[in-house]
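Examining the three-dimensional arrangement
Given next are the chains, with one letter for each unit.
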Amino acid sequence: KAGVTQTPRYLIKTRGQQVTLSCSPISGHRSVSWYQQTPGQGLQFLFEYFSETQRNKGNFPGRFSGRQFSNSRSEMNVSTLELGDSALYLCASSGGTGLNEKLFFGSGTQLSVL
Amino acid sequence: AQKVTQAQTEISVVEKEDVTLDCVYETRDTTYYLFWYKQPPSGELVFLIRRNSFDEQNEISGRYSWNFQKSTSSFNFTITASQVVDSAVYFCALSGGGSQGNLIFGKGTKLSVKP
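Small disclaimer: the values here were computed from a predicted structure and weren't measured. Counting starts from 1 at the beginning of each chain's written sequence and moves along it residue by residue. Key to labels: chains lettered from A, ligands numbered from 1, both in the order written. Totals for whole chains, interfaces and linings use every residue, but because this is a predicted model, local features are given only for residues with pLDDT of at least 70 and side-chain atom pairs only at 80 or more, for both listing and counting. Think of the side-chain values as coming from all heavy atoms in the structure, minus any hydrogens and water.

1. Some points on the pairing of strand β7 (residues 64-68) of chain A
Residues and elements named next belong to chain A. When DSSP locates at least two bridges between a pair of strands, those strands are taken to pair. Here a helix means four or more residues in a row that DSSP labels H or I, a strand means two or more in a row labelled E, and each is numbered from the N terminus. By the bridge criterion, five bridges tie β7 to strand β8 (residues 74-78) in an arrangement that is antiparallel. Its bridge partner lying in β8, Ser65 is registered against Asn77. The loop that links β7 with its antiparallel partner β8 comprises five residues; one of these, Ser72, has a positive phi angle of about 80°.

Right, dumping it as structure tokens:
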């Protein structure tokens, strides 16, 4: 079974640009969550999608948005990039039915904003 | 508020030493789940264990063991006879962010095992 796939692996953007990151969950998984990881703040929850609906959202500005497609693939978008958006963005998938479910993570997209 | 604290930022040991990673959590929920994840240099977090709030039994899996103590709100992780391959960042996490995809992570402990 293929794992969680995130593309691209690395991205370099400049301030003010926008970026779209992609995540393909494990086959059969309906929940996709996104996390931002930085050295200072650690792992912070961005949002979670389940069956194409946003189920939960973290404390991030509206520049961060996401969506999920009918095949459970998910994208997240960051508009008007700021230097502080430089981070590793991790996607995780799961069956989505219980708090005890473990998350399966991708290798992440390393975003650098210059 | 829910919170996970991993007080040890970095730990360095020599191979074959035992090492314990500490995790303290705060929650008002009566039902919750605790997790440990490992992040190797490749970046993806790898699930190690989960424990629910009603099960305080300690668990052992090979060289890994976990000590859950509700009275002290701690969920510590011990690696026995550490190996170089154990070098990674280890995260403790707590459920209860409203949905199962929202875990509250500690800041992580970077473990370096030297030969």
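2. Things to note about the environment of Gln68(A)
Residue and element names in this part refer to chain A. In this fold, Gln68 is placed in strand β7. Overall, the relative accessible area of 6% leaves Gln68 in the buried class. It is 9.4 Å that separates the C-alpha atoms of Gln68 and Cys23, two residues lying 45 residues apart in sequence. When checking whether two residues touch, look at their non-hydrogen atoms; a contact exists if any pair is within 4.5 Å. Beyond its immediate chain neighbours, meaning those up to four positions away, Gln68 contacts Arg30, Val32, Tyr49, Phe50, Ser51, Glu52, Thr53, Arg73 and Ser74. By the criterion applied in these results, polar contacts are pairs of N or O atoms within 3.5 Å in which, for protein atoms, one can donate a hydrogen and the other can accept it, and in which residues neighboring in sequence qualify only through two side-chain atoms. A polar contact is formed between the side chain of Gln68 and the backbone nitrogen of Ser51, at a distance of 3.2 Å. Each residue is placed in one exposure class: buried if its accessible area under a 1.4 Å probe, protein chains only, is under 20% of its type's maximum, exposed if it is over 50%, and partly exposed if it falls in between.

3. Things to note about the state of the cysteines
Simply put, disulfide is the name for a covalent bond between the sulfur atoms of two cysteines. Note on terminology: pairs of cysteine sulfur atoms within 2.5 Å are recorded as disulfides. In this structure the tally under the stated criterion is two disulfides over all chains. In this model Cys23(A) forms its disulfide with Cys91(A); the gap between the sulfur atoms is 1.7 Å. Sign of the S-S torsion, about -55° for the bond between Cys23(A) and Cys91(A), identifies this disulfide as left-handed. Of this pair, Cys23(A) sits in strand β3 (residues 19-24) while Cys91(A) sits in strand β9 (residues 87-94), and the two are 68 residues apart along the sequence. A disulfide bridge connects Cys23(B) with Cys92(B), and the sulfur atoms are separated by 2.0 Å. Handedness here is read from the sign of the S-S torsion; for Cys23(B) and Cys92(B), about -65°, the answer is left-handed. Of the two residues, Cys23(B) sits in the loop between β3 (19-21) and β4 (24-26) while Cys92(B) sits in strand β10 (residues 88-94), which places them 69 residues apart along the sequence. In this structure, Cys23(B) and Cys92(B) share a single accessibility class: buried.

4. So, the sheet that holds β3(A)
Residue and element names in this part refer to chain A. Across the sheet, four strands lie side by side as β1-β3-β8-β7; this open sheet has antiparallel pairing. The strands lining the two open edges of the sheet, one partner per strand, are β1 (5-7) and β7. Neighbour-to-neighbour, the strand axes of the sheet open up by a mean angle of 20°, direction not taken into account. Pairing analysis gives three bridges linking β1 to β3, with the strands arranged antiparallel. Bridge assignment links Thr7 to a residue of β3, and that residue is Ser22. For helices, the fitted line uses only the C-alpha atoms of the stretch in contact; every axis is such a line through C-alpha atoms, and the angle between N-to-C directions lies from 0 to 180 degrees.

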